[in-house]
Amino acid sequence: MNTPDWSNLTFSYSKTNTILRTVYKDGAWSPVESLTDDNLKLSAFSGCLHYAIECFEGLKAFRGKDGRIRLFRPEENAKRLQRSAKYLGIEAPSVEMFVDMCKRVVLENIDFLPPYEEAGASLYLRPTLIGTNPQLGVQSSKESTFLMLCSPVGAYVGGALDAVDVVIARNYDRAAANGSGAFKVGGNYACSLYSLNKAHELGYKAVLYLDPATKKYIDEFNSSNFFAIKGNTYITPKSGSILPSITNMSLETAAAHLGMEVERRPVAVEELSTFDEVGECGTAVVITPVHKLVDKPTLESEEETVYTYGDGQCGPKSLKLYNFIKGIQRGELEDVFNWNVFVD
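Anyway, here's the lowdown on the structure attached to this text. (Residues numbered from 1 in each chain as written. Predicted model: local features only at pLDDT ≥ 70, side-chain atom pairs only at ≥ 80, totals over all residues. Heavy atoms only, no water.)

**Points about the packing of aromatic side chains**
By the definition in use, this model includes 12 aromatic pairs. Consider the rings of F11 and Y124, whose centres lie 5.0 Å apart with planes at 70°: the pair is edge-to-face. Placement of F11 in the segment before β1 (19–25) and of Y124 in strand β7 (residues 122–131) is noted, with a sequence separation of 113 residues between them. You can call F11 partly exposed: its relative accessible area is 23%. Among the aromatic residues, those joined into a cluster by ring pairs are F72, F324, F337 and W339. The ring of F342 has R68 lying over it, and the distance from NZ or CZ to the ring centre is 3.7 Å. (Phe/Tyr/Trp six-rings, centres within 6.5 Å; stacked < 30°, edge-to-face > 60°. Helix = DSSP H or I, 4+ residues; strand = E, 2+ residues; numbered from the N terminus. Buried < 20%, exposed > 50% of the residue type's maximum accessible area, 1.4 Å probe, protein only. Lys NZ or Arg CZ within 6 Å of the ring centre and 35° of its normal.)

**Let's talk about the packing of helix α2 (residues 74–88) against helix α3 (residues 95–108)**
Axis separation between α2 and α3 bottoms out at 9 Å; the angle between their running directions is 125°. With respect to α3, the element α2 is oriented oblique. Here α2 and α3 pass one another in a crossing that is right-handed. Every residue of α3 that contacts α2 at P74, E75, N77, A78, K79, L81 and Q82 is listed here: V95, F98 and V99. Among the residues making up the contact of α2 with α3, the classes are represented as six nonpolar, two polar and two charged. (Axes fitted to C-alpha atoms, helices over the stretch in contact; angles between N-to-C directions. Parallel < 35°, antiparallel > 145°, perpendicular 65-115°, else oblique. Left-handed = near helix turned anticlockwise from the far one by under 90°. Contact = heavy atoms within 4.5 Å. Nonpolar A, V, L, I, M, F, W, Y, C, P; charged D, E, K, R; others polar.)

**Points about the pairing of strand β14 (residues 261–265)**
As paired strands, strand β13 (residues 233–237) and β14 are joined by five bridges and run parallel to one another. Of the residues in β14, the one forming a bridge with I235 is E263. Tracing the backbone out of β13, into helix α5 (residues 246–257) and back to the parallel element β14 gives a crossover that is right-handed. (Pairing = 2+ DSSP bridges. Right-handed = clockwise from strand over helix to strand, strands pointing away.)

**Let's talk about α2**
Here α2 is 15 residues long and its end C-alpha atoms lie 21 Å apart, about the 21 Å a rise of 1.5 Å per residue gives. Taken together, the buried positions of α2 are occupied by P74, E76, N77, A78, R80, L81, S84, A85 and L88. Of the residues one or two after α2, G89 is the one with positive phi, at around 80°. (Expected span 1.5 Å × (residues − 1).)

**Side note on empty space enclosed by the protein**
Taken as a whole and assessed by the stated rule, the structure comprises three cavities of 30 Å³ or more. Its boundaries defined by the atoms lining it, the second largest cavity holds a volume of some 100 Å³. Surrounding the second largest cavity, G58, L59, K60, F62, F72, N77, I246, T247, T283, V286, I325 and Q329 form its lining. Of all the secondary structure elements, the ones that give two or more residues to the lining of the second largest cavity are β5 (59–63), α5 and α6 (316–329). For the lining of the second largest cavity, the element with the most residues is β5, which contributes three residues. Classifying every residue of the lining of the second largest cavity by side-chain character gives six nonpolar, five polar and one charged. (1 Å grid on protein atoms, 1.4 Å probe; cavity = no way out; pocket = protein on both sides within 12 Å on 5 of 7 lines; lining within 4 Å. Points joined across faces, edges and corners; volume = space filled by probe spheres on them.)

**A closer look at the packing of α5 against α6**
Direction vectors running N to C along α5 and α6 enclose 110°, while the axes themselves pass 10 Å from each other. Of the possible angle classes, the one that applies to α5 and α6 is roughly perpendicular. Here S250, L251, A254, A255 and H257 of α5 come into contact with α6, specifically with L321, F324 and I325.

Below, the structure written as structure tokens:
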């Protein structure tokens, strides 16, 4: 194989050695098999192709300062996948099976795990669960296929900690009130694509959605949670239509550990003018700072209210939190919460 150009990795697909597959059928999972071909053979009538019976996860493996390989909180991803699968009515792997497959896919693709010296690079894991039995009726799939995929990646948006401009899409939603927003199902991302593409045409990197019921409160971005810093307080929205981010949960714990106050509560749009720092947070980025946040009556409108944070660089509190999480992931700081799982 050709050694990847670690310093120029983006958040995009790269072919690796193997993917893993197991099938749930007749009440049991099949033995896990390694496949060198990314292409799958499945029925054209599979539920995942017609009724979006699909959910997935995202987590990363890192090569640490001590040379050891770490997975960051994989058991939390396993539990979130189980919640998503339960919502869809399909079977999910156990936490033990999920974590074991994470370890195995890393070892089978060790050539694609970036060296410690490449601080912005990692091996991204994409566990994916799809309904695969042939069906016509709208119902949960009886058979499901669980895949463990991986790819070496760099930063998701621009460079690490590059501040971005984002826009509120008041006339679009990523999820319905009392709908699927709190689960990591592919349909939520499909719902965001039209407004995201429109925002990209207008020069924005991401879309911020408001609560779908009242449009008075902040929900989340198209692919990550929202957080803000006000004084010494870490603030993040509480809503039933927000995906519970493992990164956000970790940042809340880190903020409290570092002496900050933490508030998870409804966040009114009017509060945007009071924040010192605003950012996106998620697996792919940990933190992406927001420089300019634009609010419009509609996404297509020329009328706008602009909120600006900082000078285009990551704010001091956000940077401290980012360095704390990255330090644990990369073995530079003591893992005081036992978040890492070692791959030996």
